[in-house]
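Geometric and topological summary
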Amino acid sequence: MSDVADVELPNGDLSDEDVETLSSGEVAKKLQEAWLNEKFAPELLTPATDILECMLEQIESLDANLRTAMDSGHISAKMPIHRMELERLRYVVVSYIRTRLAKIQGNVWQILANESERIKLMPNEKVFAEGYRASVEEVFESSALSKLPGSFRTLDRTSLETVGRPNLNSYVFAQIGEHQTGLAIPEPTGDTEDIVDLEAGSKHLLPYKCIMSQIQDGQVNLT
Amino acid sequence: MYCEKCMELIKELERSGEDKLPHYNEELVRQTVVEMVQLYSANQEDVTRMTEGEEERVTSVQFRHACLERNKQCLLAYVYARLRRVGEMRWVLGSVLNTEVKQCMSEGELRWLAQYNRLLAKYMQSIGSGVDLTGSMEPPRSLYIAVRAMEDYGTIETDSGEVVEIKKDCQYLLLRSQVEHLIRLGVLKHIES
């Protein structure tokens, strides 16, 4: 992704909460990493809230700048390029949010029931998830449960937690960022394990479970 | 044989293909519920007899209980799978579904769709202005795309304030972001050059 810093932005540096100043190009790169990780990981990941907010602000201001430039008749040859950049950024942001929404919808009972999953939800996602669960349970009630006899009328939420549960053993392509030592990779037959070292910069196909925490820390990225 | 009706519901969904929504089978659902009520009352009777000493009825009670659970599971699976499909259609076709699709939906599903639309709208608002989650479904390959109108659609207003009238068989060169949803609806067709 190209550096959009040559367009007039409120300020050239965008900072996130850790008081780490990133250039707009770096923010875009981080967003792309977060987006790809979210796309290829079978489970919901911790949200890149700061990057997302940054990006949304940037998209808004880029859009506004382009509109004022167009309205004032200042049509330059660079405009289609900036517009294309805007469309591309917008696509990544929207795709990221949509992927997360799809995962939430697919596995809503498990996500809301477990603390470790629930904290991965952004506040507005939590509102959405709770509303979604309630709406589906309401249809269960009206279309099926209310008509059933006796003890079958109740909804057992724990049994619903298996619905749409992500397969953490699914294979993913991983790009190793930091050198990994002593990683335990199970054999396909399942009974033995291989202890391997993975070099920085290498790409591997392995079960998601093996590198779950490394993705969380940013040491490994999915491609 | 027990549980045949509920399996028929599931088979119906399987046969129709993943993105199609068959008519809500009110009749089969009703028959499944009737079967469950019969099984349940037979079980209640047997349990009373068992407390009076007829212990050997326990196997038939267990069997009917298993059937009851299977029936309930299939019913819920049927309802849930259909809701998922309705949700998918909403993403592709927009918040207002056409009458053909609506006729296949039950009242509960229609109510659910309205609620889902509200949830989505609230969520989109919370992200910030100018973010339409149903836009940009594919990575943008170009800024403008050439499209041909498949039918008379009326007028649309572009971002720059221009008003364009969509007439059947006319070709237009428009901003991708403006016409994406019309392409999905089938009103416009992308012309590959």
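Our subject is the structure that appears above.
Below you will find a few notes about this structure. No experiment lies behind these values; they were computed from the predicted model shown.

This brings us to the packing of helix α1 (residues 4-16) of chain B against helix α3 (residues 58-93) of chain B. Residues and elements named next belong to chain B. Direction vectors running N to C along α1 and α3 enclose 25°, while the axes themselves pass 8 Å from each other. As far as their axial angle goes, α3 and α1 are roughly parallel. Note on packing geometry: the crossing formed by α1 with α3 is left-handed. Contact residues: α1 offers Cys-6, Met-7, Leu-9, Ile-10, Glu-12, Leu-13 and Ser-16, while α3 offers Arg-70, Asn-71, Cys-74, Leu-75, Ala-77, Tyr-78, Ala-81, Arg-82 and Arg-85.

All names here are of chain A. Taken in spatial order, the three strands of this open sheet run β6-β3-β7, and their pairing is antiparallel. Unpaired on one side and paired on the other, β6 (203-207) and β7 (220-222) mark the two borders of the sheet. On average, each strand axis in the sheet is inclined to that of its neighbour by 45°, with strand direction left out of account. Summarising the sheet, strand β3 (residues 171-176) and β7 pair through three bridges and their orientation is antiparallel. Following the sheet pairing, Gln-175 is matched in β7 by Asn-221.

Below, the discussion takes up empty space enclosed by the protein. Within the structure shown, the criterion is met by one cavity of 30 Å³ or more. Put simply, the largest cavity is a space of about 40 Å³. Lining of the largest cavity is provided by Glu87(A), Tyr91(A), Ser136(B), Glu138(B), Pro140(B), Arg176(B), Ser177(B) and Glu180(B). Every element with two or more residues in the lining of the largest cavity is listed here: α3 (79-106) of chain A together with α6 (176-185) of chain B. With three residues, α6(B) is the largest single contributor of residues to the lining of the largest cavity. A breakdown of the residues in the lining of the largest cavity according to their chemical character gives two nonpolar, two polar and four charged.

On to a nonpolar patch on the surface, then. All names here are of chain A. Taken together, the side chains of Tyr-171, Phe-173 and Leu-205 make up a nonpolar region of the molecular surface, amounting to roughly 330 Å² of accessible area. Note on placement: Leu-205 falls in strand β6. With a relative accessible area of 49%, Leu-205 lands in the partly exposed category.

Residue and element names in this part refer to chain B. This structure, assessed with the given rule, holds zero disulfides over all chains. The thiol sulfur of Cys-6 is not disulfide-bonded, and the nearest other cysteine sulfur, from Cys-74, lies at 3.6 Å. The buried category is assigned to Cys-6, whose relative accessible area is 0%. Judged by its relative accessible area of 6%, Cys-74 is buried.

All right, on to the interface of chain B and chain A then. Taken together, the contact pairs 48 residues of chain B with 42 residues of chain A. Of the roughly 4100 Å² buried at the junction of chain B and chain A (both faces included), carbon and sulfur atoms supply 68%. For the chain B face of the interface with chain A, the top three residues by lost area are Tyr80(B), Tyr123(B) and Leu143(B), together amounting to 16%. Inspection of the chain B/chain A interface yields zero salt bridges. In this structure, the connection of chain B to chain A is made through eight residue pairs in polar contact (both at pLDDT 80 or more). Its residues placed into classes, the side of chain B that touches chain A shows 26 nonpolar, 12 polar and 10 charged.

It is worth spelling out α3(B) at this point. For α3(B), with 36 residues, the first-to-last C-alpha span of 52 Å sits near the 52 Å given by 1.5 Å per residue. One or two residues past the end of α3(B) sits Gly94(B), with phi positive at roughly 105°.

Conventions and cut-offs
- Residues numbered from 1 in each chain as written.
- Chains lettered and ligands numbered in written order.
- Predicted model: local features only at pLDDT ≥ 70, side-chain atom pairs only at ≥ 80, totals over all residues.
- Heavy atoms only, no water.
- Axes fitted to C-alpha atoms, helices over the stretch in contact; angles between N-to-C directions.
- Helix = DSSP H or I, 4+ residues; strand = E, 2+ residues; numbered from the N terminus.
- Parallel < 35°, antiparallel > 145°, perpendicular 65-115°, else oblique.
- Left-handed = near helix turned anticlockwise from the far one by under 90°.
- Contact = heavy atoms within 4.5 Å.
- Pairing = 2+ DSSP bridges.
- 1 Å grid on protein atoms, 1.4 Å probe; cavity = no way out; pocket = protein on both sides within 12 Å on 5 of 7 lines; lining within 4 Å.
- Points joined across faces, edges and corners; volume = space filled by probe spheres on them.
- Nonpolar A, V, L, I, M, F, W, Y, C, P; charged D, E, K, R; others polar.
- Patch = residues over 30% accessible without salt bridge, like charges linked within 9 Å, V, L, I, M, F, W, Y side chains within 5 Å.
- Areas by Shrake-Rupley, 256 points an atom, 1.4 Å probe, with all protein chains shown as cover.
- Salt bridge = Lys/Arg side-chain N within 4 Å of Asp/Glu carboxyl O.
- Buried < 20%, exposed > 50% of the residue type's maximum accessible area, 1.4 Å probe, protein only.
- Disulfide = S-S within 2.5 Å.
- Buried area = accessible area lost by both parts, 1.4 Å probe.
- Polar contact = N/O pair within 3.5 Å; in protein donor to acceptor, adjacent residues only side chain to side chain.
- Expected span 1.5 Å × (residues − 1).

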